[in-house]
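The chain contents come next:
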Amino acid sequence: MQRECRVLGLLLLGLMTIWIGGGGARAGSVAPIDAPEPGAWLSGAAGSAAEGFRSPPMLPGWPQTMGTQVLYKPTGVVLADLTWDGDCEVIAGSTDNLIRAWNHDGTLLPGWPVNVGGAVQSKAAVGDLDGDGDQEIVFSTRAGQIRIYHHTGAPLAGWPQSSGLTYGYISPTLYDLDADGIPEVTIGGGSNVRVWRGDGTVFPGFPKAVSGNVTGTLSAGDITGDGVPEILAVTLAGTLEAIQVDGQSVPGWPMSFGLSTSYASATIGDLDGDGIRDALVVGYQFGSYTRIHAYRGTGASLPGFPITYPSVQTYACPVLADGDGDGDLELWNGGKVNGPANFYAWDHAGAALPGWPVYADANLEGSCIVVDFDADGMMEIAVGDNYTPGLILGFEMDGAGAADFPIDKPGASGPNAPEVADVDGDGDLDLAMTSTTGDVAIWGFSSAYAPASVEWGGWFHDNWNTSQFGFVVPGNPAGIEGIAGETPLRLLGAAPNPFQSQTAIRFSSVPGRVARLEILDSAGRAVRVIPAERGSVLWDGRDASGRAVAPGVYFVRLSEESGTKQAVRLVRLR
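Topic: the overall build of the protein chain
Inference 1: Within the protein chain, the regular secondary structure consists of one helix and 41 strands.
Inference 2: Pairs at least 24 residues apart make up 57% of the contacts formed inside the protein chain by residues separated by at least 6 positions.
Inference 3: Summing over all exposed atoms, the protein chain offers an accessible surface of approximately 19,800 Å²; the carbon and sulfur share of this is 54%.

Structural notes on the pattern of salt bridges
Inference 1: A full pass over the atoms with the stated rule returns 10 salt bridges.
Inference 2: Across the pair R197 and D178 runs a salt bridge whose closest N-O atoms are separated by 2.6 Å. Taken as a pair, R197 in the loop between β13 (192-196) and β14 (208-209) and D178 in the loop between β11 (173-175) and β12 (184-189) lie far apart in primary sequence, 19 residues in all.
Inference 3: According to the relative accessible area criterion, R197 is partly exposed, its value standing at 27%.
Inference 4: We classify D178 as partly exposed; its relative accessible area is 29%.

Considerations on the sheet that holds strand β31 (residues 419-421)
Inference 1: Across the sheet, which stays open at both edges, the four strands sit in the order β2-β33-β32-β31 with antiparallel pairing between neighbours. Either end of the sheet is taken by a strand with one partner, and the two such strands are β2 (64-65) and β31.

What about the packing of aromatic side chains?
Inference 1: Summed over the entire model, instances satisfying the criterion amount to 23 aromatic pairs.
Inference 2: With 5.9 Å between their ring centres and 70° between their planes, W539 and Y554 make a pair best called edge-to-face. Taken together, the residues span a long stretch of sequence, with W539 in strand β39 (residues 536-539) and Y554 in strand β40 (residues 552-560) at a distance of 15 residues.
Inference 3: Its relative accessible area of 8% is what places Y554 among the buried residues.
Inference 4: Among the aromatic residues, those joined into a cluster by ring pairs are Y169, Y263 and Y315.
Inference 5: Above the face of the Y72 ring, R142 is positioned so that its terminal group lies 3.8 Å from the ring centre.

Comments concerning the confidence of the model for the protein chain
Inference 1: Looking at the protein chain, pLDDT values average 85 and 84% of them are 70 or higher.
Inference 2: The model gives residues 1-33 a pLDDT under 50, and that stretch makes 70 contacts with residues more than four places away or in other chains.

Describing the pairing of strand β33 (residues 439-448)
Inference 1: Burial of β33 is extensive: eight of the 10 residues sit out of reach of the surface.
Inference 2: Bridge count between β2 and β33: two bridges; the pairing is antiparallel. When the sheet's bridge partners are listed, T65 is paired in β33 with D439.
Inference 3: Pairing between strand β32 (residues 428-434) and β33: six bridges, direction antiparallel. When the bridges of β33 are listed, D430 appears paired with G444.

Topic: unusual backbone geometry
Inference 1: Here F305 and P306 are connected by a cis peptide whose omega angle stands at 10°.
Inference 2: Among the structural elements, P306 can be located in the loop between β21 (289-295) and β22 (307-309).
Inference 3: Going from F405 to P406, the amide bond is cis rather than trans, its omega being 0°.
Inference 4: Note on placement: P406 falls in the loop between β29 (390-395) and β30 (407-409).
Inference 5: Despite not being glycine, Y169 has its phi angle at roughly 70°, a positive value.
Inference 6: Position of Y169 among the secondary structure elements: in the loop between β10 (161-162) and β11.
Inference 7: Of note, the phi angle at Y263 is positive, near 75°, even though the residue is not glycine.

The rules behind the values
Residues numbered from 1 in each chain as written. Predicted model: local features only at pLDDT ≥ 70, side-chain atom pairs only at ≥ 80, totals over all residues. Heavy atoms only, no water. Helix = DSSP H or I, 4+ residues; strand = E, 2+ residues; numbered from the N terminus. Contact = heavy atoms within 4.5 Å. Areas by Shrake-Rupley, 256 points an atom, 1.4 Å probe, with all protein chains shown as cover. Salt bridge = Lys/Arg side-chain N within 4 Å of Asp/Glu carboxyl O. Buried < 20%, exposed > 50% of the residue type's maximum accessible area, 1.4 Å probe, protein only. Pairing = 2+ DSSP bridges. Phe/Tyr/Trp six-rings, centres within 6.5 Å; stacked < 30°, edge-to-face > 60°. Lys NZ or Arg CZ within 6 Å of the ring centre and 35° of its normal. pLDDT = per-residue confidence, 0-100.

This is the structure in structure tokens:
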């Protein structure tokens, strides 16, 4: 009761601070979208997990605290195995001009932090941009630059490049536009969409001028069904742009939806189940309502859309997932300062899900994730509130509170989302989040981590920031998963890696345990099977017929009769 009374008392405060601190233009205006803080964080905890709840424990070594500016706060975290050692590194930037990369135990990787010469107020992207098998880290700064670094902290040749972007909450997006196996780097800055190759050269046909200032992270995916991706951009002019890989607009686009937008990316997914992905965009009539439009690649609106709900504004991205396993997608989005219920869910036809909307907080700005946190076969939905200190809230598909939630977090969310992975390599699911206080925290769940348990696992869906439901970052073949349960049999790595002639594959062997090593190509096809009888074996770079394999990316997979599979990425050089 205490929390409900407090929330009602803060509603007027929330409305007043939005009018003052903004972060988005009023409907019909062309005011700059930048503001020191998109909305005022609500001081004082909204509640506590100690009040009848038990939060999952924080991982050892966490939280880690970054420096911040008084007016501009950090956001976003990326979990990625940069060094291919079986656990994740943790990457975040802050407005103290530093980007950091930590090991899973909270210690900094060698070469980090790196000073990028400008405040970082957005999530990074991570991908292999030079084809060497190692992943690079891509950041946007408020100083108008895209900067890219190797996992060692050394800058990638050809960068930085000018983004034309001088405000926060807009991240770079990676996508392989020309199908050459290496992703391009994209971002919206000012009224242009910019694209570069991994070496920093401009991609043909870009930059592309659009109808107005780009207000959110770009999305990427094929919405026309021709097998070629498009780039989606949301603009301050109330348009959703769809751009082909040659820099031309998709015929019939852009779509004009006539509403203001702030920081929310478009979302891509096959909402109507016709086998072709659709495009969703959210906008608001300031002070009145929020509306979600859904379009086919032809530009036609989907049946049941647009959806309108009573929210004065939103920064949250539409999120898609098959939460109940029925083969149809559901849709979630949050609103700001609109009374006792402000976190919404609909089915694929635009009808409200039973039990929704629910109450999240009086000033919800974050986007949600959809994950099976308790391994019951049904998805749960998690979102961070905007209190300092605050909570990560969790809901079941019927809107009821989820087990293990709420989780206490150090600060407010802002435009942001949690992210999940198996960070420490123990086979269990972990959840990370950056707060406006500069704290990066990671909590460990007791349930096993598996890709099938994650429908939408982070801000903008994935580490390429595609905002495309179902997208899997290339380089992890089907059937290769994280460790499915605790086991003393472990794949420890390979050295040298990358290699030219041979590499030693190391694993912990257990007497009486039957296991085998397989070498797989990047498509998941078996190249060679090697007996796993000792703790180390040599692979000479040859297939089962004795022929030398081509240079490129391969995976070594250790599997047991129990079904447990572990994998390490290998790169063979010329």
